[in-house]
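Working through the structure, step by step
Here is how the chains run, residue by residue.
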Amino acid sequence: MELPQEFLKTASRARYVMVLTGAGISAESGLATFRGQDGWWRNYHPQDLATPQAFYKDPRLVWEWYQWRREQALKAQPNPGHLAIAVMEKLFPEFLLATQNVDGLHQRAGSLKMVELHGNIHRSRCFRCQKPYPSIPNDNQIPPRCSCGGLLRPDVVWFGEELPRDVLKQAWEAASQAQLFFVIGTSGLVQPAASLPLVARRSGAFVIEVNPEESSLTEMADLSLRYKAGEAMPSIVRTMEKARWRKL
Ligand code: BV8
Ligand code: ZN
């Protein structure tokens, strides 16, 4: 894959690199994306289930959707796209991966310098008292109950809920310091995550997108590669490694 000189020069000199991923990076692991046709479940669209209102209205249905997604995520394996990002983190003095995904595949691929903007489906918390449950209790109620009697919910950020302030602050600061910003596998529709590449660009970063289709961030990217993450990322990371050695 031919990469422009400007990208190679930036990669060889960059001190701080940031990556934003979305559901597309888990597609090659067999997990449905949020807005793709495969995202529907029992005729429901994810957007209609990932809300506090949906849980309030039918906690059993929403819990079962997350249970199904948890099982899919546990059966899935990190793909070469996840693994390449885990390698990339070691190439730069400063690095941050901000993922919108809740499937835990980046952690399983070995990524350490990362934040989960939208939480993680393998953790729960009490809908009433917020008590955290790092793993899913195997009581046979659906949804399980907290010790206070409240219902458990997945520890994710639903539409209309605020992202964890500390996580958003860390991601915002990283975006404003990055010289190189990757946007991988996201349609760029969900805020405030989709604003991170704009913050980076405004601070002078080179923005590179990897997505087999155009997204709402394509126009603002300096370089947009029409490839699947699992196909493109391993060779992009190898090319960056060589560019950094050459300079060194
Ligand atoms: C909030 C967790 C405010 C749950 C998710 C402006 C400012 C602030 C808020 C808003 C705003 N405008 C609108 C809002 C409200 C809303 C929003 O953004 N709505 C959109 C839809 C218009 N935002 C919120 O509600 C956020 N909250 O800001 O609250 C607030 C302030 C104060 C006080 C109270 C409240 C919370 C948003 C978080 C929602 N939770 N997930 C769960 O997962 O169940 S978001 C959900 O969408 C997933 O996390 C998903 O990752 C994310 C984004 O979708 P994508 O990842 O992009 O996935 P998608 O399917 O869309 O695209 C996949 C892409 O991959 C495609 O482009 C495809 O081409 C590509 N692809 C496919 N295969 C591959 C590939 N790419 C590479 N390789 C491949 N092989
Ligand atoms: Zn409770």
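Structure: above.
Residues numbered from 1 in each chain as written. Chains lettered and ligands numbered in written order. Predicted model: local features only at pLDDT ≥ 70, side-chain atom pairs only at ≥ 80, totals over all residues. Heavy atoms only, no water.

Some thoughts on the coordination of the zinc ion (ligand 2)
Taken together, C126 (SG), C129 (SG), C146 (SG) and C148 (SG) make up the protein donors of the zinc ion (ligand 2), found 2.2 to 2.4 Å from the metal. What the 4 donor atoms of the zinc ion (ligand 2) show is an angle range of 104 to 122 degrees at the metal, which sorts the shape as tetrahedral. We note that the donor set of the zinc ion (ligand 2) lies within a single chain, spaced as C-x2-C-x16-C-x1-C. Here C129 is found in the loop between β4 (119–126) and β5 (132–133), whereas its partner C146 is found in the loop between β5 and β6 (152–156), with 17 residues between them in sequence. (Donors = N, O, S within 2.8 Å, 3.2 Å for Na, K, Ca; no water. Tetrahedral: all angles 85-135°; square planar, octahedral: opposite > 155°, others 65-115°. Helix = DSSP H or I, 4+ residues; strand = E, 2+ residues; numbered from the N terminus.)

Some thoughts on the site of ligand 1
The full set close to ligand 1 counts 37 residues, and R35, Y66, R69, T186 and S187 are the nearest of them. Between A23 and ligand 1, the recorded distance is 2.7 Å, taken from a backbone N or O atom to an oxygen atom. H118 is positioned such that a nitrogen or oxygen atom in its side chain is 2.9 Å from an oxygen atom of ligand 1. Here ligand 1 loses 75% of its free accessible area of 1500 Å² to cover by the protein chains. Looking at the shell around ligand 1 element by element, the count peaks at 3 residues for helix α4 (residues 59–75). (Near = heavy atom within 4 Å. Polar contact = N/O pair within 3.5 Å; in protein donor to acceptor, adjacent residues only side chain to side chain. Areas by Shrake-Rupley, 256 points an atom, 1.4 Å probe, with all protein chains shown as cover.)

A closer look at the packing of helix α5 (residues 80–88) against helix α9 (residues 229–247)
Orientation of α5 relative to α9, taken along the N-to-C sense of each, is 20 degrees, at an axis distance of 7 Å. Judged on the interaxial angle alone, α9 and α5 are roughly parallel. Taken as a pair, α5 and α9 cross one another with a handedness that is left-handed. Facing α5, whose interface residues are P80, G81, A84, V87 and M88, α9 presents A229, G230, M233, P234, V237 and M240. Among the residues forming the contact of α5 with α9, the class breakdown is 9 nonpolar, 2 polar and no charged. (Axes fitted to C-alpha atoms, helices over the stretch in contact; angles between N-to-C directions. Parallel < 35°, antiparallel > 145°, perpendicular 65-115°, else oblique. Left-handed = near helix turned anticlockwise from the far one by under 90°. Contact = heavy atoms within 4.5 Å. Nonpolar A, V, L, I, M, F, W, Y, C, P; charged D, E, K, R; others polar.)

Focus on the nonpolar core
Counting residues in each nonpolar core, the largest one holds 30 residues, and the members touching the most others are F7, M88, F182, M233, I236 and M240. Residue assignment for this core shows that the elements contributing at least two residues are α1 (5–13), β1 (16–21), α5, β2 (94–99), β7 (180–184), β8 (206–210), β9 (223–225) and α9. In terms of residues, this core owes the most to one element, α9, which gives 6 residues. Apart from residues lying up to four places away in sequence, M88 is in contact with V17, V19, F95, F182, M233, V237 and M240. Membership of the second largest hydrophobic core comes to 25 residues, among which are V157, A174, F181 and V207. (Core = buried A, V, L, I, M, F, W, Y, C linked by side-chain atoms within 4.5 Å. Buried < 20%, exposed > 50% of the residue type's maximum accessible area, 1.4 Å probe, protein only.)

A word on the sheet that holds β7
Strand order in the open sheet formed by 6 strands is β3-β2-β1-β7-β8-β9, with parallel pairing between adjacent strands. Here the strands that pair on one side only, and so sit at the sheet edges, are β3 (114–116) and β9. Strand-to-strand twist across the sheet, computed as the mean angle between neighbouring axes with direction ignored, equals 15 degrees. Here β8 pairs with β9 via 3 bridges, running parallel. Each bridged residue has a counterpart across the sheet, and for V210 the counterpart in β9 is L225. Strand contacts of α5: β1, β2 and β7, with the helix running at about 160 degrees to β1, the strand carrying the most contacts. In the packing of α9 onto the sheet, the strands contacted are β7, β8 and β9, and the crossing angle to β7 comes to about 165 degrees. (Pairing = 2+ DSSP bridges.)

Focus on the pairing of β7
It is a general feature of regular strands that their side chains alternate between the two faces of the sheet. Within β7, 5 of the 5 residues are buried, which leaves it mostly tucked inside the rest of the structure. Neither face of β7 is open: one carries L180, F182 and I184, the other F181 and V183, and all of them are buried. Where β1 lies against β7, 5 bridges are found, and the strand directions are parallel. Each residue of the ladder has a partner; that of L20, found in β7, is V183. As paired strands, β7 and β8 are joined by 5 bridges and run parallel to one another.

Side note on the sheet that holds β4
Within the open sheet, the 3 strands sit side by side as β5-β4-β6. Their pairing is antiparallel. Each edge of the open sheet is held by one strand with a lone partner, namely β5 and β6. Of the strand pairs in this sheet, β4 and β6 are connected by 5 bridges, and their pairing is antiparallel. Within the sheet, the bridge partner assigned to C126 lies in β6 and is L152. Across the face of the sheet, α4 comes into contact with β4 and β6 while running at roughly 140 degrees to β4.

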